[in-house]
Amino acid sequence: MYELLRKKVLKRTIIRMIIALVIIVAYLVYFRNELMGVLTGPVKITEGINLEEYEGKVVTFDANCVLSEYIIFEETNSRTYQRKLTHIGYLAFDEENGNFFGIQLDAKNETQMNLLMDKSIDYFVGDTDSIPVGIQVTGTLAKLKGEELKHFNNTIDYLFANVPDFKDYVIPYVIVNGTIGGINNTAFYIIGSIALVTFLYLIYVIVSFIRGKYTKNFDKYLQNNQTVSLSAIEADFQAAKMFGKEIWIGKHWTIFISGVHGHIHANKDIIWAYYYQRTGKSSVSEVKLYKKDKTITAISASKKLSMEILDYYSNTQPHMIIGYNKETEKLYHKNFTSFLDIKYNEAMISEDVNSY
């Protein structure tokens, strides 16, 4: 029995290892530059830096001189069809390097940016020598393209219509504030957390298999039921009816594999079984097993297989209530003693059911 369980669990472990490795490798490949950037910190735009060399990387820039908006981003509520301003792109001037490029910020900064643009224009045209106190922008440096590039160029043409030489210092890039690898910081760290959890799970399934954890529920059962021998369980297992590839129901025990562990339940402890299904994003198809100690377990199975399991229980386990209805559930929760009187108590008098 243990050898068969080991082979079944090994197959499940290998599948989980492959899935976990694919997720981890994909994450490392896709975000390798971003991870290095997170570890080393963002690149600060200083005098003499070649901005184009840092495309796709996280950079930080003190935007003290912002001349104009060049694009706004809106989203539409699918139910109300109301439009909401989400982000705004601005044309910034890097005085240290004499370059113009874009910065993109959340729309919540709009009021602050409008004030900054008023002061920046006064400074840029020489009406004041006072350098504005701007805003620090930290995010992914991306090359402008598509509609955003079109709006950027139109803004440049309009602003520098009388000073066309300024266009030579325009760099068609934008710093998207609050992003890493082109996605917002929160999403990046959530994805990173998923990758970390996946890595830890990979370690867990490997260690669990090496240490033979797939038998831990059997060890616990035998420890709690010292009158039961492993040989008796194995004999029942050999004579059990197999459902699907990983469910065995014998005269005295129900054994199945879930995750990377084997599970065992004494049939005499199961008082109620029925099929449960939930559709949608978190779909479920399983046989729910209610036990005399009021614990509940479940065996994942297709509807067809579940019906076969319940039919088998009905024919071989006279103490079990099979099938669901609201009255049964109400009695289970409100009057457990009466619930046991339906079938369990009378059936337990039978020595054939109660003994191993």
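Everything numeric here is computed off the predicted structure, so don't read it as measured data. Here the residue index of a chain counts from 1 through its sequence in written order. Local features in this predicted model are restricted to residues of pLDDT 70 or higher, and side-chain atom pairs are both shown and tallied only at a pLDDT of 80 or more, whereas totals for entire chains, interfaces and linings draw on every residue. Each side-chain value is derived from all of the structure's non-hydrogen atoms; neither hydrogens nor water enter the calculation.

A. Geometry of helix H7 (residues 230-239). For H7, every residue scored as buried is listed here: Ile233, Asp236 and Phe237. One face of H7 carries all of its buried residues, which in axial projection span an arc of 105 degrees. Opposite the buried face of H7, by more than 90 degrees, sit the exposed residues Gln238 and Ala239. Working rule for contacts: check all heavy atoms of both residues, and any pair within 4.5 Å makes them a contact. Think of it this way: any DSSP run of H or I at least four residues long counts as a helix, any run of E at least two long counts as a strand, and we number them from the N terminus. Contact partners of the buried residues in H7: helix H1 (2-30), helix H6 (216-224), strand E11 (247-249), strand E12 (253-258) and strand E13 (261-266). Burial classes follow relative accessibility: with a 1.4 Å probe on protein chains only, a residue under 20% of its type's maximum area counts as buried, one over 50% as exposed, and anything between as partly exposed. What the arc covers is the set of directions going from the helix axis to the C-beta atoms.

B. Quick peek at the sheet that holds E13. The four strands are arranged E10-E11-E12-E13 in an open sheet whose pairing can be described as antiparallel. Unpaired on one side and paired on the other, strand E10 (241-243) and E13 mark the two borders of the sheet. Between one strand and the next, the sheet's axes are offset by a mean angle of 20 degrees, whatever the strand orientation. The criterion for strand pairing is that DSSP finds at least two bridges linking the strands in question. The sheet contact formed by E10 and E11 spans three bridges and is antiparallel. Following the sheet pairing, lysine 241 is matched in E11 by isoleucine 249. Running over the sheet, H1 touches E10, E11 and E12 and is turned about 25 degrees from E12. On the sheet, H6 packs against E12 and E13 and is oriented at approximately 30 degrees with respect to E13. Axis lines are fitted through C-alpha atoms, for helices just across the contact stretch, and the angle between N-to-C directions can take any value from 0 to 180 degrees.

C. The sheet that holds strand E2 (residues 58-63), seen in detail. The mixed open sheet is built from seven strands, whose spatial order is E1-E2-E6-E7-E5-E4-E3. Edge positions in the sheet fall to strand E1 (43-44) and strand E3 (66-76), since each has one partner strand and no second. As defined by bridge partners, strand E5 (residues 99-106) adjoins strand E7 (residues 170-177) across four bridges and the pair is classed as parallel. Within E7, the position partnered with phenylalanine 100 by the bridge is valine 170. Those strands touched by helix H3 (residues 110-124) are E2, E3, strand E4 (83-94), E5 and strand E6 (135-143), and its axis lies near 160 degrees from that of E3.

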